[in-house]
4 protein chains.
Amino acid sequence: MTVTPHLFIPGPTNIPDAVRMAMNIPMEDMRSPEFPKFTLPLFEDLKKAFKMKDGRVFIFPSSGTGAWESAVENTLATGDKVLMSRFGQFSLLWVDMCERLGLKVEVCDEEWGTGVPVEKYADILAKDKNHEIKAVFVTHNETATGVSSDVAGVRKALDAAKHPALLMVDGVSSVGSLDMRMGEWGVDCCVSGSQKGFMLPTGLGILAVSQKALDINKSKNGRMNRCFFSFEDMIKTNDQGFFPYTPATQLLRGLRTSLDLLFAEGLDNVFARHTRLASGVRAAVDAWGLKLCAKEPKWYSDTVSAILVPEGIDSNAITKTAYYRYNTSFGLGLNKVAGKVFRIGHLGMLDEVMIGGALFAAEMALKDNGVNLKLGSGTGAAAEYFSKNATKSATALTPKQAKAA
Amino acid sequence: MTVTPHLFIPGPTNIPDAVRMAMNIPMEDMRSPEFPKFTLPLFEDLKKAFKMKDGRVFIFPSSGTGAWESAVENTLATGDKVLMSRFGQFSLLWVDMCERLGLKVEVCDEEWGTGVPVEKYADILAKDKNHEIKAVFVTHNETATGVSSDVAGVRKALDAAKHPALLMVDGVSSVGSLDMRMGEWGVDCCVSGSQKGFMLPTGLGILAVSQKALDINKSKNGRMNRCFFSFEDMIKTNDQGFFPYTPATQLLRGLRTSLDLLFAEGLDNVFARHTRLASGVRAAVDAWGLKLCAKEPKWYSDTVSAILVPEGIDSNAITKTAYYRYNTSFGLGLNKVAGKVFRIGHLGMLDEVMIGGALFAAEMALKDNGVNLKLGSGTGAAAEYFSKNATKSATALTPKQAKAA
Amino acid sequence: MTVTPHLFIPGPTNIPDAVRMAMNIPMEDMRSPEFPKFTLPLFEDLKKAFKMKDGRVFIFPSSGTGAWESAVENTLATGDKVLMSRFGQFSLLWVDMCERLGLKVEVCDEEWGTGVPVEKYADILAKDKNHEIKAVFVTHNETATGVSSDVAGVRKALDAAKHPALLMVDGVSSVGSLDMRMGEWGVDCCVSGSQKGFMLPTGLGILAVSQKALDINKSKNGRMNRCFFSFEDMIKTNDQGFFPYTPATQLLRGLRTSLDLLFAEGLDNVFARHTRLASGVRAAVDAWGLKLCAKEPKWYSDTVSAILVPEGIDSNAITKTAYYRYNTSFGLGLNKVAGKVFRIGHLGMLDEVMIGGALFAAEMALKDNGVNLKLGSGTGAAAEYFSKNATKSATALTPKQAKAA
Amino acid sequence: MTVTPHLFIPGPTNIPDAVRMAMNIPMEDMRSPEFPKFTLPLFEDLKKAFKMKDGRVFIFPSSGTGAWESAVENTLATGDKVLMSRFGQFSLLWVDMCERLGLKVEVCDEEWGTGVPVEKYADILAKDKNHEIKAVFVTHNETATGVSSDVAGVRKALDAAKHPALLMVDGVSSVGSLDMRMGEWGVDCCVSGSQKGFMLPTGLGILAVSQKALDINKSKNGRMNRCFFSFEDMIKTNDQGFFPYTPATQLLRGLRTSLDLLFAEGLDNVFARHTRLASGVRAAVDAWGLKLCAKEPKWYSDTVSAILVPEGIDSNAITKTAYYRYNTSFGLGLNKVAGKVFRIGHLGMLDEVMIGGALFAAEMALKDNGVNLKLGSGTGAAAEYFSKNATKSATALTPKQAKAA
């Protein structure tokens with residue numbers, strides 16, 4: 001069989017042909033006098049994707065994990081106290097990183113399937129009269145459980161407490177797919193990566209930083225030792241349109257195209273599409289008689305659905321069947337929910353028919369593994385939803401065509 | 001929206017990534033001393049795809065239509081009588097070509113939805129004691145109506161009548177997808193193109209020719225004037241591994257990879273996959289309460305299904321909805337069945353999940369246009385079929401990987 | 001060694017990255033309702049490349065040879081008398097084709113290294129009072145000998161004789177590289193292919209036809225039997241933005257980008273670049289103490305130089321050394337000049353430094369095979385020329401960037 | 001102009017078409033059950049490129065700078081004393097990094113144009129009886145000045161002093177191009193990146209680590225805080241064929257092809273080719289009457305030549321002319337040698353004719369900026385060298401073909 005496996009994991013996402021094509025280029029001279037004419041507008045346009053008011057966006061040749069580390073190392077000092085919450089594999093890993101980097105982490109452990117405990121945060125912040133807490137962390141979208149959290153709510157809690165702590169957001173599986181209003185919500189560091197909403201291969205850690213965080217970094221009061229991920233080296237060279245070390249130029253060219261596509265569709269249309277596609281998936285899950293890992297609608301993520309399989313059935317068997325029998329990759333259950341959930345990623349370059357294919361594969365794999373469902377129930381429910389809610393699609397082979405559409 | 005439209009027309013088909021990648025190369029010197037090391041084995045391997053015993057395969061930089069013309073011009077003379085049948089847009093066009101090229105065509109006009117009238121052919125051949133009929137034409141797979149015809153049956157009719165006429169087969173939408181036993185069936189010219197079972201872009205007319213037809217060509221008794229499509233120019237240069245004019249080297253490189261993929265999967269596995277996928281589609285059509293254009297199961301094509309829409313509904317409205325609302329291309333109804341059928345192509349690089357997506361789009365487009373069906377019924381019926389009949393898939397990014405799988 | 005061989009043959013030419021990228025796409029539906037929005041402007045823009053006043057351009061999935069055949073079959077009838085000249089492998093082959101297609105060809109055999117004998121043509125036309133000659137043929141650029149001919153001169157001869165014959169031009173290795181003023185020169189059929197000045201892979205025969213020739217075609221007085229290459233089938237479908245059979249969509253998308261690049265550079269700048277690069281090559285040949293096959297400067301081609309090697313030396317040994325020792329393809333000597341010349345193609349996507357590389361390889365290969373020359377003399381002479389005449393280059397990764405430059 | 005700029009910087013290097021093609025793929029599931037079948041052999045084969053005896057190779061989605069940081073953070077503790085030398089921009093930056101990461105650096109400042117002072121190192125190590133020095137650093141190839149240093153010599157110095165310090169080598173612009181015998185020379189950490197000898201885009205930091213260094217890391221006595229670059233997270237997941245965070249799968253697939261190409265050519269043939277090409281460049285520099293920045297032949301680098309321009313001439317003007325007038329990128333002079341040198345990178349995918357083009361561009365740019373040289377002298381001298389020393393080239397479009405050649 002010669003079909004590349006169908007990919008419905010919550011990142012890396014599928015890449016638009018226009019992006020793939022834009023990266024299929026020879027190497028280029030990253031110190032050429034023409035290079036800044038490309039990079040400087042790219043830096044500016046990237047800010048739009050974060051809806052930033054001030055500050056800047058750094059692009060590291062790394063991954064979201066690297067951008068996490070950069071955010072922490074450049075704005076916090078060893079021994080600083082921070083407020084975090086843990087309710088899934090990725091929020092868990094960020095806590096782990098902060099601890100290993102020497103921060104004193106106050107962790108709110110929440111049930112997996114829920115998200116950031118805004119009210120608990122509010123209490124803790126209100127009580128922290130001495131402002132010992134230097135930063136508050138929010139995992140905007142917990143990829144492991146399909147849970148979105150309320151960033152604006154945390155901002156309100158900070159404001160209510162008149163607390164100066166930095167607001168650190170993991171937007172890896174949200175930026176470019178879910179609305180991220182960095183300026184309006186007063187986010188100080190927003191971490192993202194190339195392989196999710198930006199619809200690119202893995203390889204870029206993208207970190208948006210507010211002016212407040214940049215100022216703190218500049219004061220250099222005991223920030224952590226760092227070099228590769230340092231803001232100051234980046235700023236010095238980025239200001240001229242260059243980088244402190246060799247940048248991943250193919251990915252940067254792809255990012256240019258990706259931003260063009262996002263802007264051509266319109267960010268708000270992109271977000272609406274994600275909501276629409278996620279709603280179709282949730283209609284299917286409901287029709288199958290299954291439940292999401294996310295406990296309540298307010299936690300539902302529009303970029304990934306973690307689906308609980310019935311007791312006595314191993315979700316790993318389902319993903320294996322999907323992979324080997326139906327040539328389709330779904331996300332595994334990780335850590336506490338290993339064997340209990342499988343995940344359908346529905347972010348990035350995606351449309352209704354792709355979702356239809358994903359659900360088609362999923363219901364066969366579920367049925368094959370003993371889940372009692374009616375084949376066609378999930379695809380039918382999603383079709384019902386899309387038939388009512390689909391919008392006119394524009395077909396695009398190139399960004400230029402996308403713009404015209 | 002940045003998703004390239006989903007393609008379910010009966011050719012051009014979807015291209016495997018490995019094939020697409022193989023063609024993404026610089027130009028090369030088609031007279032280099034190394035070139036024959038590539039072309040000579042390619043010519044040989046191509047014969048396997050036709051299951052030929054003797055003869056040779058020509059590759060013209062053209063299309064299936066060009067290969068039709070080459071077959072006729074090189075083996076028949078102006079004024080020759082030939083036996084053809086007409087029961088769809090492509091069998092019709094081949095008749096039209098033969099008439100324009102000056103042949104005397106005895107046409108059997110059959111109902112659209114049926115195929116080559118083997119018994120009628122047998123009668124005519126039996127009566128043609130003087131062997132005025134120089135060639136008998138068979139459209140193996142009529143792409144417009146989704147009808148397959150019985151090539152072996154026509155061979156039997158020829159043999160029964162001890163008739164020396166050439167057996168000319170249009171295999172454009174069959175070779176590489178349906179079983180074509182050129183040697184066993186005594187086919188003299190089998191016409192194909194790159195963009196169907198060979199899973200390549202359009203641009204190659206591929207023509208397999210038996211030794212008998214080559215001998216007739218060589219005798220040159222009043223064959224038609226020709227140059228671009230002439231066998232003799234091809235033979236002279238092909239024998240050295242070259243071409244009489246500049247060949248489409250990118251497509252040739254892609255063809256190499258395509259053959260590697262077909263052989264790695266195994267031709268018989270490829271045919272079985274087409275039957276399986278077609279069966280899933282037919283299960284869906286049945287579940288929708290619709291009928292195929294093909295009148296009886298014996299005519300059912302495993303590479304394309306032409307689906308009759310209910311009276312009073314315009315099939316063009318359905319294809320437009322599919323295209324503009326669901327980003328999906330289906331085949332239009334052509335000529336006599338325009339407005340009455342839409343076609344799902346299910347040949348080339350394709351698997352169960354892609355079929356699921358196609359049916360998902362089709363049933364929404366049908367429903368949106370007033371067809372009374374239950375959403376999920378078609379995808380459910382296909383899932384039912386595939387869940388019972390799917391085989392272990394192998395995931396492949398490269399031919400090498402495909403081979404290993 | 002992993003370097004793709006350097007290509008300096010007179011077509012296929014090197015492909016711009018932007019063109020290569022534009023073709024690295026999935027298949028598309030050539031009957032989609034959006035397709036004409038792409039093709040109709042393409043047809044129009046293509047006319048600019050020929051500087052046509054009226055008429056139209058046909059795009060056949062074939063090669064230049066196919067377009068030759070189309071031009072002849074659609075405008076001339078079997079038995080028609082035509083005037084041609086023969087002075088190289090490609091003018092020779094066109095004569096051969098016309099004879100095989102049944103035309104009565106009056107051939108002027110000229111010395112290889114010279115071109116179309118304008119004065120002889122003028123005499124013959126003046127004497128043809130009954131206008132028995134239906135068409136006059138000109139090979140604008142004879143690729144085998146590196147000779148350009150005077151199309152405008154032939155037009156003047158026709159006008160002087162008030163002769164209504166069609167003016168048929170082989171522009172395969174000229175259009176897009178040398179100035180072709182189809183309208184001003186009253187050319188009726190101008191044949192081209194994708195793999196030369198259009199900087200694309202082989203696979204398109206591009207045929208520009210004047211309104212006069214279209215009118216003659218329409219009158220249908222005994223035109224030749226034809227189908228694949230017929231104007232009428234093309235016109236009927238092209239007018240709607242479609243094609244009579246499946247078009248080579250990847251190449252069409254590439255052609256769009258190629259035209260964008262040519263127009264972005266400016267056609268006259270493109271021609272000037274070809275003259276500049278050719279002048280550099282000729283300076284090198286002179287420095288080596290060698291001669292061109294072209295007898296006089298008036299015959300010098302700006303797209304290919306056929307270089308005579310000294311007596312006693314086999315030019316095939318030189319091309320083999322270049323290929324196997326220096327990873328570089330040059331054009332072979334063909335037919336009468338086999339073993340006597342090797343050819344440097346300098347058309348299409350090419351700049352000074354690439355020419356430098358070609359000359360570097362050539363002088364090593366010449367020296368290795370016993371030609372008495374000073375290494376560095378050719379590259380030095382070309383450098384001298386370019387250092388004086390080079391223009392500011394613009395670096396381009398995409399057509400968009402090329403436009404901006 | 002539509003030609004992508006010619007690239008002769010000392011990395012990123014030119015990418016083989018086979019590598020470019022191998023990366024032109026859709027995203028894949030980095031947690032699929034088939035993924036380890038790809039990664040585990042890749043890890044093993046990578047060790048061959050370093051000629052390691054034991055230990056392992058880490059692949060970080062970062063750059064060489066990131067791999068520098070990983071080497072330091074995982075094997076040394078804040079406050080550790082290390083021995084380094086500084087004689088060019090990259091050795092300087094590594095010193096800077098070590099200081100910023102809190103090491104006590106004993107720096108030998110050497111003249112730019114020389115390399116690691118092996119005898120001075122020997123003295124210092126001999127005197128360090130208490131083994132306060134925890135690591136000795138060697139920049140194998142200083143990219144800024146075109147200087148190679150004697151790694152084996154430093155090993156001898158360590159052995160002579162019976163000194164247990166780690167031997168840390170920057171092999172960014174050497175591994176895959178110059179001989180690196182990690183096992184034989186007892187190198188403990190060898191840093192490399194994807195965009196030099198591995199002929200890939202930037203984006204991978206490749207770090208080879210000896211068992212000794214791994215053991216030290218495991219003991220965890222005060223190693224630096226780290227997470228993204230930590231060995232332990234990598235080891236835990238790599239052992240299963242996975243990664244601790246999303247890997248850059250396109251680059252990994254490209255790396256597979258790159259290794260295939262290197263092994264097909266044979267590592268020792270690759271090194272010999274670099275020496276041959278470098279010798280050609282040096283012959284040209286000599287013919288121009290110019291000097292290398294490297295003071296003596298023993299320092300000459302086979303991957304990059306930094307060429308001193310005559311007094312009174314600005315080397316930046318030369319690189320600008322090369323870029324804007326001749327579409328060619330050379331390396332700039334950096335830091336102390338800014339304006340004084342320009343650099344020709346001659347590593348990675350490169351052959352004689354490409355070098356010819358580079359020299360052709362360089363001598364025009366030099367001449368245009370007032371350097372008194374004879375055009376053709378440099379290309380002539382290189383041609384002289386190559387004509388005597390070139391080997392049979394094999395032409396390759398795919399790794400498979402490369403292997404067969």
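Predicted, not measured: the structure shown is a model, and the values here were computed from it. (Residues numbered from 1 in each chain as written. Chains lettered and ligands numbered in written order. Predicted model: local features only at pLDDT ≥ 70, side-chain atom pairs only at ≥ 80, totals over all residues. Heavy atoms only, no water.)

Engineer: Tell me about the UniProt feature "modified residue: N6-(pyridoxal phosphate)lysine" in chain A, residues and numbers included.
Structural biologist: Residues and elements named next belong to chain A. According to UniProt, the positions carrying the feature "modified residue: N6-(pyridoxal phosphate)lysine" are Lys-196. Assignment of secondary structure puts Lys-196 in the loop between strand 9 (189–193) and strand 10 (205–209). Residue class for Lys-196 comes out buried when judged on its relative accessible area of 7%. Setting aside its immediate chain neighbours within four residues, Lys-196 contacts Pro-10, Gly-11, Thr-13, Thr-143, Val-172, Ser-173, Leu-347 and Gly-348. (UniProt positions renumbered as here; feature names shortened; annotations may be inferred. Helix = DSSP H or I, 4+ residues; strand = E, 2+ residues; numbered from the N terminus. Buried < 20%, exposed > 50% of the residue type's maximum accessible area, 1.4 Å probe, protein only. Contact = heavy atoms within 4.5 Å.)

Engineer: Please give an account of the packing of helix 11 (residues 267–288) of chain B against helix 14 (residues 377–389) of chain B that cites residues and values.
Structural biologist: All names here are of chain B. Relative to each other, helix 11 and helix 14 sit at 145°, their axes nearing to 7 Å. Crossing angle aside, the handedness with which helix 11 passes helix 14 is right-handed. Counting all contacts with helix 11, which are made through Arg-276, Leu-277, Ser-279, Gly-280, Ala-283, Ala-284, Ala-287 and Trp-288, the residues of helix 14 involved are Ser-377, Gly-378, Ala-381, Ala-382, Tyr-385, Phe-386 and Asn-389. Here the contact of helix 11 with helix 14 is composed, by residue class, of nine nonpolar, five polar and one charged. (Axes fitted to C-alpha atoms, helices over the stretch in contact; angles between N-to-C directions. Left-handed = near helix turned anticlockwise from the far one by under 90°. Nonpolar A, V, L, I, M, F, W, Y, C, P; charged D, E, K, R; others polar.)

Engineer: Describe the relation of the copies chain C and chain D, with residues and values.
Structural biologist: It takes a turn of 180° to lay chain C on chain D, together with a shift of 0.0 Å along the axis; the resulting RMSD is 0.0 Å. The two molecules are tied by a two-fold rotation axis, judged by turn and shift. An overlap of 100% is found between the interface residues of chain C and their copies at the interface of chain D, pointing to a shared contact surface. (Least-squares fit on C-alpha atoms with pLDDT ≥ 70 in both.)

Engineer: Tell me about the environment of Val-19 of chain C, and please be specific about residues and values.
Structural biologist: All names here are of chain C. As for its placement among the helices and strands, Val-19 is situated in helix 1 (residues 17–22). Distance from Val-19 to Gly-378, taken between C-alpha atoms, is 31 Å for residues 359 residues apart in sequence. Apart from the residues within four sequence positions on either side, Val-19 is in contact with Met-199, Leu-200, Gly-254, Thr-257, Ser-258 and Leu-261.

Engineer: Can you explain the interface of chain C and chain D? Please cite residues and give values.
Structural biologist: Chain C puts 52 residues into the contact, and the matching count from chain D is 52 residues. For the pairing of chain C and chain D, the buried interface totals around 4,600 Å² over both sides, and the portion due to carbon and sulfur atoms is 59%. Our count for the contact surface shared by chain C and chain D stands at zero salt bridges. Taken together, chain C and chain D are joined by 14 residue pairs in polar contact (both at pLDDT 80 or more). At the level of elements, helix 1, helix 10 (249–265), helix 12 (315–326), helix 13 (352–368) and helix 14 (377–389) of chain C are the ones that each hand at least two residues to the side of chain C that touches chain D. (Buried area = accessible area lost by both parts, 1.4 Å probe. Salt bridge = Lys/Arg side-chain N within 4 Å of Asp/Glu carboxyl O. Polar contact = N/O pair within 3.5 Å; in protein donor to acceptor, adjacent residues only side chain to side chain.)

Engineer: Got a sec to walk through the nonpolar core? Specific residues and values, please.
Structural biologist: The biggest cluster of nonpolar side chains holds 523 residues, and the ones touching the most others in it are Phe-50 of chain A, Phe-50 of chain B, Phe-50 of chain C together with Phe-50 of chain D. Once residues lying within four places of it in the same chain are set aside, the contact partners of Phe-50 of chain D are Val-57, Val-175, Met-180, Arg-181, Met-182, Gly-183, Cys-190, Ser-192, Phe-198, Ile-206 and Ala-208 of chain D. (Core = buried A, V, L, I, M, F, W, Y, C linked by side-chain atoms within 4.5 Å.)

Engineer: Tell me about unusual backbone geometry, and please be specific about residues and values.
Structural biologist: Note that the residue after Gly-11 of chain B, namely Pro-12 of chain B, is joined by a cis bond; omega there is -5°. Within the chain, Asn-327 of chain B stands out as a residue other than glycine whose phi angle is a positive 60°. Summarising the element assignment, Asn-327 of chain B is placed in the loop between helix 12 (315–326) and strand 13 (328–330). Using a relative accessible area of 1% as the deciding quantity, one classes Asn-327 of chain B as buried. At Lys-51 of chain C, a position not held by glycine, the phi torsion is positive, near 50°. Within the element layout of this structure, Lys-51 of chain C appears in the loop between helix 2 (35–50) and strand 2 (56–60). Owing to a relative accessible area of 27%, Lys-51 of chain C belongs among the partly exposed residues under this scheme.

Engineer: Please provide a residue-by-residue account of the pairing of strand 4 (residues 104–109) of chain C, values included.
Structural biologist: Residues in a regular strand project their side chains so that they alternate between the two faces of the sheet. Residues and elements named next belong to chain C. One ladder, built from six bridges, connects strand 3 (residues 81–86) with strand 4; its direction is parallel. Looking across to strand 4, one finds that Lys-81 is bridged to Lys-104. Traced from strand 3 through helix 4 (residues 89–100) to strand 4, the parallel crossover comes out right-handed. (Pairing = 2+ DSSP bridges. Right-handed = clockwise from strand over helix to strand, strands pointing away.)

Engineer: Mind laying out the packing of aromatic side chains, listing which residues take part and the relevant values?
Structural biologist: Following the criterion strictly, the structure yields 66 aromatic pairs over all chains and no others. Centroid distance Phe-228 of chain B to Phe-229 of chain B: 4.9 Å. Interplanar angle 85°. Geometry classified as edge-to-face. The two residues Phe-228 of chain B and Phe-229 of chain B agree in class, both being buried. Measuring from ring centre to ring centre gives 5.7 Å for Phe-43 of chain C and Phe-243 of chain C, while their planes differ by 65°; the resulting arrangement is edge-to-face. Separated by 200 residues along the polypeptide, Phe-43 of chain C in helix 2 and Phe-243 of chain C in the loop between helix 9 (231–238) and helix 10 bring together distant segments of the chain. As far as burial versus exposure is concerned, Phe-43 of chain C and Phe-243 of chain C are alike and both buried. Joined through ring pairs, the aromatic side chains of Phe-58, Phe-60, Phe-228, Phe-229, Phe-231 and Tyr-245 of chain A together with Phe-58, Phe-60, Phe-228, Phe-229, Phe-231 and Tyr-245 of chain D make up one cluster. Taking NZ or CZ as reference, Arg-253 of chain C lies 3.8 Å from the ring centre of Phe-38 of chain C, over its face. (Phe/Tyr/Trp six-rings, centres within 6.5 Å; stacked < 30°, edge-to-face > 60°. Lys NZ or Arg CZ within 6 Å of the ring centre and 35° of its normal.)

Engineer: Pulling in residues and values, what's your account of the relation of the copies chain A and chain B?
Structural biologist: The transformation that overlays chain A on chain B combines an axial shift of 0.0 Å with a rotation of 180°, and the residual RMSD is 0.0 Å. Looking at the interface residues of chain A, 100% of them are also at the interface in chain B, so both copies use one shared face.

Engineer: Talk me through the environment of Thr-328 of chain B; I want residue IDs and the actual numbers.
Structural biologist: Looking at where Thr-328 of chain B falls in the secondary structure, it is placed in strand 13. In the structure, Thr-328 of chain B is positioned 226 residues away from Gly-102 of chain B in sequence and 41 Å away in space, judged by C-alpha atoms. Contacts of Thr-328 of chain B, omitting those with residues within four sequence positions, involve Val-353 of chain A together with His-6, Phe-8, Thr-319, Ala-322, Tyr-323 and Ala-361 of chain B.

Engineer: Outline helix 6 (residues 151–160) of chain C, supporting the account with residue identities and numerical values.
Structural biologist: Residue and element names in this part refer to chain C. Burial analysis of helix 6 places seven of its ten residues in the buried class, which makes it a mostly covered element. Burial in helix 6 covers these residues: Val-151, Ala-152, Gly-153, Val-154, Arg-155, Ala-157 and Leu-158. Where the residues of helix 6 are buried, they touch helix 5 (118–127), strand 5 (133–139), strand 8 (166–170) and helix 7 (182–185). Immediately downstream of helix 6, the backbone of Lys-162 shows phi near 45°, a positive value.

Engineer: Lay out the pattern of salt bridges with the relevant residues and their values.
Structural biologist: Pairs can form between side chains of opposite charge whenever their charged atoms are close. Residue and element names in this part refer to chain A. Tallying each qualifying case throughout the model produces 96 salt bridges over all chains. Residue Lys-120 pairs with Glu-110 through a salt bridge whose shortest N-O separation is 2.7 Å. Placement of the pair is Lys-120 in helix 5 (residues 118–127) and Glu-110 in the loop between strand 4 (104–109) and helix 5, with a sequence separation of ten residues. Judged by relative accessible area, Lys-120 falls into the partly exposed class, the value being 39%.

Engineer: So what's going on with the sheet that holds strand 14 (residues 341–345) of chain C? Residues and values would help.
Structural biologist: All names here are of chain C. The three strands lie next to each other as 11-12-14, forming an open sheet whose pairing is antiparallel. Edge positions in the sheet fall to strand 11 (291–292) and strand 14, since each has one partner strand and no second. One ladder, built from two bridges, connects strand 11 with strand 12 (residues 304–308); its direction is antiparallel. Looking at the pairing, Lys-291 lines up with Leu-308 of strand 12.

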